[in-house]
Amino acid sequence: MDQKYCSVVKSPIGDITILADDVAVNVITFSEREIDGLEENEISKTAAKQLRAYFDGQLQEFTFPINQTGTDFQQEVWHNLSKIPYAETISYAKFSAQQPLAIRAIAAANGKNNIAIVVPCHRVIGSDGKLVGYAGGLWRKKWLLQHEREVAQKGQTELKF
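Residues numbered from 1 in each chain as written. Predicted model: local features only at pLDDT ≥ 70, side-chain atom pairs only at ≥ 80, totals over all residues. Heavy atoms only, no water.

A. Molecular detail of the sheet that holds strand E2 (residues 16–20). Sheet architecture is open: three strands sit in the order E1-E2-E3, paired in antiparallel fashion. In this open sheet, the two strands that pair with only one neighbour each are strand E1 (5–9) and strand E3 (25–29). Within the sheet, the average angular offset between the axes of one strand and its neighbour, ignoring direction, is 15 degrees. Helix H1 (residues 42–55) contacts E1, E2 and E3 of the sheet and is inclined by roughly 15 degrees relative to E1. (Pairing = 2+ DSSP bridges. Helix = DSSP H or I, 4+ residues; strand = E, 2+ residues; numbered from the N terminus. Axes fitted to C-alpha atoms, helices over the stretch in contact; angles between N-to-C directions. Contact = heavy atoms within 4.5 Å.)

Right under this line is the structure:
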């Protein structure tokens, strides 16, 4: 995929870089990316607007088109991640219940997700309820989960892990 466009969102958990092509967002990341020569397009602007609304507590479901490169298996895992409801968490064991022998492959695919927040890999936690593995850092994962619970008014406002 050739990302031609870029938007950057300032957020409470750091700058977020959005990379897009002519039809969809391909990457949303916390990592610094070289964006020289890239301009915004309508897709990257829409994604930025929706992410700002998410952080403002005004949006719980993203509607812009996404398309990230991955194997059929990875695509299936990312699709299933997108079904985890806002402000809810699921353990890796439960998430992989349909394919229990593939739990490591599912966790690896989760880790390869390049569309942070929108494909909500931050909602998958350890079987013991602990926060585990998040490419953006566990402090960001904790912040995102707390933010969603506060906005949805579900459960405690301070997560105890």
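Having seen the structure, we can now continue with the description.
B. Geometry of helix H4 (residues 103–111). Residues of H4 that are buried: Ile106, Ala109 and Asn110. Projection of H4 onto a plane perpendicular to its axis shows the buried side chains occupying an angular sector of 105 degrees, all on one side. The outward face of H4, more than 90 degrees from its buried face, is lined by the exposed residues Arg104 and Gly111. Of the surrounding secondary structure, the elements contacted by the buried residues of H4 are helix H2 (72–81), helix H3 (92–95) and strand E5 (124–125). (Buried < 20%, exposed > 50% of the residue type's maximum accessible area, 1.4 Å probe, protein only. Arc of directions from axis to C-beta.)

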